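Below, each chain spelled out in residue letters.
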Amino acid sequence: MATAFSKQETVKFDALLAGFDDLLVFGRNVSVFNADPTILERSQGLNFWRPTPYVSVSVDGAAGTDISASFTDLTQLSVPIGLGYNKAVPWAMTSDDLNDPQQRDRKLTSAFQRLATDINVACANVAALQGTLTVKRTSAASGYDDISLADAVMTEQGLVGDAVERIMVLHARDYNLMAGNIAKPQTSANPKVNTAFENAYLGNVSGFDTFKSDYTYRLTAATATGVTMNGANQYYTPRAVSTATTGEQQNVDNRHQTISITVTANTVKVGDKFTIAGVNACHHISKADTGQLKTFTIVAIVTGAGGTGTVQISPPIISGGGSTQAELEYKNVTATPANGAAITFLNTVSANIAPFWDKRAIELLPGRNGVDESVLSNGAAFMRGTTELGVDVIVYKWFDIKTKKYLYRADTRFGVGMTNTEMAGGILFSQT
């Protein structure tokens, strides 16, 4: 077969595949859900519904107390995650180019780097734009104090436990600033100081495994002013399924809520982080008031970004306003916002987000590209492999005799989703 891959090409492919996962700063630090590709392909919209953690409430069970009315049905929430990304790196090489095998090898290396970057960028954007725990800092990145505030936010809202793995990824400039604050004093010779000074390395800080990245999402400053809640009783009631007029039931995505707002000047945008006056975060299990305003994120514009309009926010405002069992269990704020309650934006200066998350909050869903092997008899060839994380990478090759060009294409397919937006967030530095 004229287009069969050479031994050198297959050896290079295997070497690159073995190191592919190492390029995934983000991808290696999220949960991976490997689904059967046939079942996934047959799923509606290529989506899987993934369960969110249960939250329970207790009742007074003292002797002689009748708790008959307390036996309520479960409300198991779930969220959809699908194969939303098909990434390819195509290129052509002439027979003259192939006289120098290093050109082919360098291009293949570059293609693998690009596909790994695509996965990293997708994970980074999901963490930054969908995570709702926001830490606002008015100074540049300094180190422990910044990260410890992220720890405090997660801890006071009940995101603790032996199974928790906390991850934080910082832009290289912010990461190195933090490492510099450890290294510069050089008051003692200890491993933490030495590695910070020699390798600009932070390691584990305040319960987070920290990583340096060449890319984190840059969130532009919010420009809308005079933004308030437009209407009272804007609270959310979680439900597992919805029922159509035909009686058909389908799952409900409970990560979002649509609210009505009034904007005096300019417009709001997707990604804006904000608080609502009088709406504090509560501990997810005990429901105790944390004393801190709950932070929210705008995830979609529904009917206009300025004047009076509606936007989709995350997380939903679950205040117990309707007093259903599901609201009591999943309650996340202390009060329903009042009509006219002021909305205050936290992203006041454009800056890179330093995303942090509980590893259970983000899932990478590796996909697979099907191949009809009959193409092998029609002048085409392919190599495929699966990384340790389950990511499928495939390289195609085809020769055009009319132009004496070899066409190459490296592909991967995957999805990234956030199962719980209240288990992830980001730090914004140098805000006003």
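Residues numbered from 1 in each chain as written. Predicted model: local features only at pLDDT ≥ 70, side-chain atom pairs only at ≥ 80, totals over all residues. Heavy atoms only, no water.

### Examining the sheet that holds strand 15 (residues 289-301)
Right, so step 1: Strand order in the open sheet formed by six strands is 10-13-16-15-14-17, with antiparallel pairing between adjacent strands. The open sheet is flanked by strand 10 (228-229) and strand 17 (343-345), the only strands paired with a single partner.
Right, so step 2: Sheet topology note: the strand 13 (residues 257-263)/strand 16 (residues 307-314) ladder contains seven bridges and is antiparallel. Counted as the bridge partner of Thr262 is Thr308 from strand 16. (Pairing = 2+ DSSP bridges. Helix = DSSP H or I, 4+ residues; strand = E, 2+ residues; numbered from the N terminus.)

### What about the environment of Thr275?
Right, so step 1: Mapped onto the elements, Thr275 comes out in strand 14 (residues 273-282).
Right, so step 2: Overall, the relative accessible area of 8% leaves Thr275 in the buried class.
Right, so step 3: Considered as a pair, Thr275 and Thr134 are 141 residues apart in the sequence and their alpha carbons are 9.6 Å apart.
Right, so step 4: With residues near it in sequence (within four places) discarded, Thr275 still touches Leu293, Lys294, Thr295, Ala342, Ile343, Thr344 and Leu346. (Buried < 20%, exposed > 50% of the residue type's maximum accessible area, 1.4 Å probe, protein only. Contact = heavy atoms within 4.5 Å.)

### A short note on the packing of helix 1 (residues 7-20) against helix 3 (residues 101-130)
Right, so step 1: Close contact between helix 1 and helix 3 brings their axes to 11 Å; oriented N to C, the two are set at 25 degrees. As far as their axial angle goes, helix 3 and helix 1 are roughly parallel. Seen from above, helix 1 lies across helix 3 with right-handed handedness. Contact residues: Gln8, Glu9, Lys12, Phe13, Leu16, Leu17 and Phe20 in helix 1; Pro101, Arg104, Asp105, Leu108, Thr109, Phe112, Leu115, Ala116 and Ile119 in helix 3.
Right, so step 2: Considering only residue class, the contact of helix 1 with helix 3 consists of ten nonpolar, two polar and four charged. (Axes fitted to C-alpha atoms, helices over the stretch in contact; angles between N-to-C directions. Parallel < 35°, antiparallel > 145°, perpendicular 65-115°, else oblique. Left-handed = near helix turned anticlockwise from the far one by under 90°. Nonpolar A, V, L, I, M, F, W, Y, C, P; charged D, E, K, R; others polar.)

### With respect to the nonpolar core
Right, so step 1: Phe20, Phe112, Phe356 and Trp357 are the most contacted members of the largest nonpolar core, which has 64 residues in total.
Right, so step 2: No other element matches helix 3, which puts eleven residues into this core.
Right, so step 3: Ignoring sequence-local partners within four residues, the contact set of Trp357 consists of Phe26, Asn29, Val30, Ala127, Met154, Glu165, Arg166, Ile167, Val169, Ile362, Met423 and Ala424.
Right, so step 4: Counting residues in hydrophobic clusters, the runner-up holds 20 residues, among them Ile259, Ile261, Phe274 and Ile317. (Core = buried A, V, L, I, M, F, W, Y, C linked by side-chain atoms within 4.5 Å.)

### Considerations on the pattern of salt bridges
Right, so step 1: Considering all chains together, one arrives at 15 salt bridges under this definition.
Right, so step 2: Linking Asp105 and Arg104 is a salt bridge whose minimum nitrogen-to-oxygen distance equals 3.9 Å. Each member of the pair, Asp105 together with Arg104, is buried.
Right, so step 3: One continuous salt-bridge network, built from bridges that share partners, spans Glu9, Arg104, Asp105 and Lys397. (Salt bridge = Lys/Arg side-chain N within 4 Å of Asp/Glu carboxyl O.)

### Remarks on the side chain of Asp174
Right, so step 1: By secondary structure assignment, the location of Asp174 is in helix 5 (residues 172-183).
Right, so step 2: Here Asp174 occupies a buried position and makes no salt bridge, while the nearest side chain of opposite charge, Arg218, is found at 8.0 Å.
Right, so step 3: Ignoring sequence-local partners within four residues, the contact set of Asp174 consists of Ala141 and Phe429. (Lys, Arg positive; Asp, Glu negative; His and termini not counted.)

### A word on the pairing of strand 22 (residues 405-418)
Right, so step 1: Among the 14 residues of strand 22, eleven are classified as buried, and the element is accordingly described as predominantly covered.
Right, so step 2: Pairing of strand 19 (residues 362-366) with strand 22, which is carried by five bridges, proceeds in the antiparallel orientation. Bridge pairing links Pro366 to Phe414 in strand 22.
Right, so step 3: Between strand 21 (residues 392-400) and strand 22, which pair antiparallel and follow one another directly, the connecting turn spans four residues, one of which, Lys404, has a positive phi of 55 degrees.

### Thoughts on the packing of aromatic side chains
Right, so step 1: Using the criterion set out here, one finds nine aromatic pairs in the structure.
Right, so step 2: Consider the rings of Phe26 and Trp357, whose centres lie 5.9 Å apart with planes at 15 degrees: the pair is stacked. On the criterion of sequence distance, the pair formed by Phe26 in the loop between helix 1 and strand 1 (31-32) and Trp357 in strand 18 (residues 351-358) is long-range, its members being 331 residues apart. Neither residue differs from the other here; Phe26 and Trp357 are each classed as buried.
Right, so step 3: An aromatic cluster of at least three residues, connected via ring pairs, comprises Phe13, Phe20 and Phe112.
Right, so step 4: Geometry around Phe208 places Arg166 over its ring, the cationic atom sitting 5.7 Å from the centre. (Phe/Tyr/Trp six-rings, centres within 6.5 Å; stacked < 30°, edge-to-face > 60°. Lys NZ or Arg CZ within 6 Å of the ring centre and 35° of its normal.)

### Concerning helix 1
Right, so step 1: If you check helix 1, its first and last C-alpha atoms are 20 Å apart, about what 14 residues at 1.5 Å a residue would give, namely 20 Å.
Right, so step 2: Buried-residue contacts for helix 1 involve helix 3, strand 20 (380-386), strand 21 and strand 22. (Expected span 1.5 Å × (residues − 1).)

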